Amino acid sequence: MGLRLKKNLTIKFIGYLIFLTVIPLLVVGLISLRVSTEILTEESRVFTIEVVKEQREYLDLQLEQVENLIANISGVEEITEALLEGESFDTYTNLATQARIGYILNGYLNLRGLLSIDIFTEGGNQYHVGDTLNIDNIRVDVKDRIYEEALASDKNVLWTGIEDNVNGNSAEEKVLTAAKILKRTDRESLEQIPVGMLLVNYSVTDIYERFSRINLGEGSYLMVVDAKGRIIYHPNQSFLGSQISPVFIEKLTSDDGILSTDVGGEEMFITYAYSSKSNWYVMSLIPANTFTAKTSLIRTVTFSLLAICFCFAGIAAILITQNIVNPILKITDQFRSFQEGTLDYRTRLESKWDDEVGELVTWFNAFVESLAAGQESEKRLSESEERYALAVRGANDGLWDWDLRTNDIYLSPRWKEILGYEEDEIGNDPDEWLERIHPDSQQEVKMKIDAHRQGRTPYFESEHRLCHKDSSYRWVLARGLALFDKTGSAYRMAGSHTEITSRKQAENPLRYDA
């Protein structure tokens, strides 16, 4: 018992200490950690969104310059006329057209990042200026596919994204391609008839140099994806042109936004912005742990303080055990002896403390003294009760005790026995007595009771008949006294019933003879 008390008090104290000090500190630390993480995350997201939108605007500006270039070239009347003339089978004319168009196109090669300009005619001719003059190795399948896509597109200039360079002899194998169908108006049907395709190749190296200079933090990077889900820019150049997962593309549901997804087994926050000009996405990928790494100091300080608090709690528990728990254990042992009946009432605990524990010991000693006095009083009371019980049994009377405030009455077993009832056959309602009075005497008995309750008689006394269980009537002599409060109101009345049936039966012949 003592060991359990010791453990309980110590454990409770540690629990309260943790609840009042450690847990609030933990809550504050976790809230601070969460709030700081959210603030840093929000700030990083805002910064990242601005960076992504800025790079999208830069990319749109570059594409717009290329589109302006294409518009200028396609608007040159000399080129259109040269294309029409170049469709003849005259070798001299074809060479002259090649020279004229090449001369015109050379004037547009000063745009940064522009790699080459090609015009492919319906008749199969090609006019080229760019990084190489050797056009012997043309990827016809790539050229035809781009032509079909441009022909089917409703855009004036179609950005097909990152493609294999149509010119296989070029130094750059992957390029960004913009295509425009060149048309003429048929004079008879007034319909627009395709006469060729203007194809502009933009260098991915220029895009790479621009985007690779942007530092988003460790493990973070930018990425540009074309309309077909192919990578235009990635820090790792080996990924250029590779296809990303269609499932990932389906998550990009708006013009710009932020989402969290798994990339290569690592959770990443992705901020993206959509370019309506090219149908490309510019996006940033930031590892989720980048945000939590910035709050590592708060986490370290919080858990260090928690460890210190636990150490203080342990030291405090030892001191509490020595100065509070152990003294209480001595008092507990004395109470246990009291409960087991082995307490020596002469025993007194020595008080060595001037605090609450010492006061507790003092009061315990006073309690033992009162127990000793109470034991003596209880012994005397027990003797008195024994004398009273013996007197009641000798009198053979039925006792009753009526609480006038609650209107409950106690009827002793002997009282019920006089009328032939068992203990549980009569309740504690006063009517159990009053309603069993013979009708001829009921009113008189009630009047005598009321008279005594009102203090008009010194005591209550009445001889009347009560109905027996067998429906016969038995004579009883009822006596009682009432107790009154300070206001003179009776609050309790008690007395006895003495059976006098035999006496009454003996009196009747005498009364008759008289």
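This text follows the structure it describes.
Residues numbered from 1 in each chain as written. Predicted model: local features only at pLDDT ≥ 70, side-chain atom pairs only at ≥ 80, totals over all residues. Heavy atoms only, no water.

Draft legend 1. The arrangement of the packing of aromatic side chains in detail. Tallied over the entire structure, the rule returns 10 aromatic pairs. Centroid distance Y208 to Y233: 5.6 Å. Interplanar angle 50°. Geometry classified as tilted. Residue Y208 is found in helix α5 (residues 204-212), and its partner Y233 is found in strand β7 (residues 231-233); the two are separated by 25 residues along the sequence. Across the pair, exposure class does not vary: Y208 and Y233 are buried alike. Centroid distance Y272 to Y281: 5.9 Å. Interplanar angle 70°. Geometry classified as edge-to-face. For the pair formed by Y272 and Y281, the shared burial category is buried. By way of ring pairs, the aromatic residues Y58, Y208, F211 and Y233 are connected into one cluster. For R210, the ring lying beneath its charged end belongs to Y58, and the centroid distance is 4.0 Å. (Phe/Tyr/Trp six-rings, centres within 6.5 Å; stacked < 30°, edge-to-face > 60°. Helix = DSSP H or I, 4+ residues; strand = E, 2+ residues; numbered from the N terminus. Buried < 20%, exposed > 50% of the residue type's maximum accessible area, 1.4 Å probe, protein only. Lys NZ or Arg CZ within 6 Å of the ring centre and 35° of its normal.)

Draft legend 2. Spotlight on the sheet that holds strand β5 (residues 192-203). On the basis of which strands lie adjacent, the open sheet formed by 5 strands has the order β2-β1-β5-β4-β3 and antiparallel pairing. The open sheet has two edge strands with one neighbour each: β2 (126-130) and β3 (158-164). For this sheet, the mean inter-axis angle between neighbouring strands, taken without regard to orientation, is 20°. Pairing geometry for strand β1 (residues 114-121) and β2, over 5 bridges, is antiparallel. Its bridge partner lying in β2, S116 is registered against G130. Relative to the sheet, α5 contacts β3, β4 (174-185) and β5, its axis offset from that of β5 by approximately 45°. (Pairing = 2+ DSSP bridges. Axes fitted to C-alpha atoms, helices over the stretch in contact; angles between N-to-C directions. Contact = heavy atoms within 4.5 Å.)

Draft legend 3. Broad picture of the sheet that holds strand β14 (residues 473-484). One open sheet accounts for 5 strands, arranged β12-β11-β15-β14-β13; its pairing is antiparallel. Both outer strands of the open sheet, β12 (408-411) and β13 (460-467), are each paired with one neighbouring strand and no more. Direction aside, neighbouring strands of the sheet carry axes that sit 25° apart on average. By the bridge criterion, 6 bridges tie strand β11 (residues 398-403) to strand β15 (residues 490-499) in an arrangement that is antiparallel.

Draft legend 4. Examining helix α12 (residues 442-453) more closely. With 12 residues, α12 extends 17 Å between its outermost C-alpha atoms, agreeing within 8% with the 16 Å of an ideal straight helix rising 1.5 Å per residue. The set of residues buried in α12 consists of Q442, V445, I449, A451 and H452. Where α12 is buried, its residues meet β11, α11 (431-434), β13, β14 and β15. One or two positions beyond α12, positive phi appears at G455, with a value near 80°. (Expected span 1.5 Å × (residues − 1).)

Draft legend 5. Representation of the side chain of N201 within the structure. Relative to the helices and strands, N201 resides in strand β5. Since its relative accessible area comes to 0%, N201 is described here as buried. Apart from the residues lying within four places of it in its own chain, the contact partners of N201 are G113, L114, L115, S116, D118, N165, V175, L176 and T177.

Draft legend 6. Region of interest: the nonpolar core. Ranked by internal contacts, the top residues of the largest apolar core, which has 52 residues, are V66, I117, L176, F211 and M283. A total of 9 residues in this core trace back to one element, the largest contributor, which is helix α1 (residues 2-74). The next biggest cluster of nonpolar side chains, apart from the first, holds 22 residues, and it includes L411, I426, I437 and V476. (Core = buried A, V, L, I, M, F, W, Y, C linked by side-chain atoms within 4.5 Å.)

Draft legend 7. Highlighting the environment of A451. The residue A451 is located in helix α12 in this model. Judged by its relative accessible area of 8%, A451 is buried. Apart from residues no more than four positions distant in its own chain, A451 is found in contact with R456 and T457.

Draft legend 8. Summary view of the pattern of salt bridges. Under the counting rule described, the total for this entry stands at 22 salt bridges. For the salt bridge of E163 with K228, the shortest nitrogen-to-oxygen distance reads 3.9 Å. Taken together, the residues span a long stretch of sequence, with E163 in strand β3 and K228 in the loop between β6 (221-225) and β7 at a distance of 65 residues. What makes E163 buried here is its relative accessible area of 2%. Classification of K228 by relative accessible area gives partly exposed; the value is 34%. As a salt-bridge pair, E423 and K416 come within 3.6 Å of each other at their nearest N and O atoms. Each member of the salt-bridge network shares a partner with another, and the members are R145, E149, E163, D226, K228 and R230. (Salt bridge = Lys/Arg side-chain N within 4 Å of Asp/Glu carboxyl O.)

Draft legend 9. Structural context of unusual backbone geometry. Even without glycine at this site, N279 takes up a positive phi of about 65°. Tracing the backbone through its elements, the reader meets N279 in the loop between β9 (266-275) and β10 (280-287). Although it is not a glycine, S471 sits at a positive phi angle of roughly 80°. Within the secondary structure layout, S471 lies in the loop between β13 and β14. Using a relative accessible area of 56% as the deciding quantity, one classes S471 as exposed.

Draft legend 10. Structural view of α5. Within α5, burial applies to V204, D206, I207, Y208 and F211. The distance from a side-chain oxygen at the start of α5 to the backbone nitrogen of T205 is 3.1 Å, and the residue carrying that oxygen is S203. (Polar contact = N/O pair within 3.5 Å; in protein donor to acceptor, adjacent residues only side chain to side chain.)

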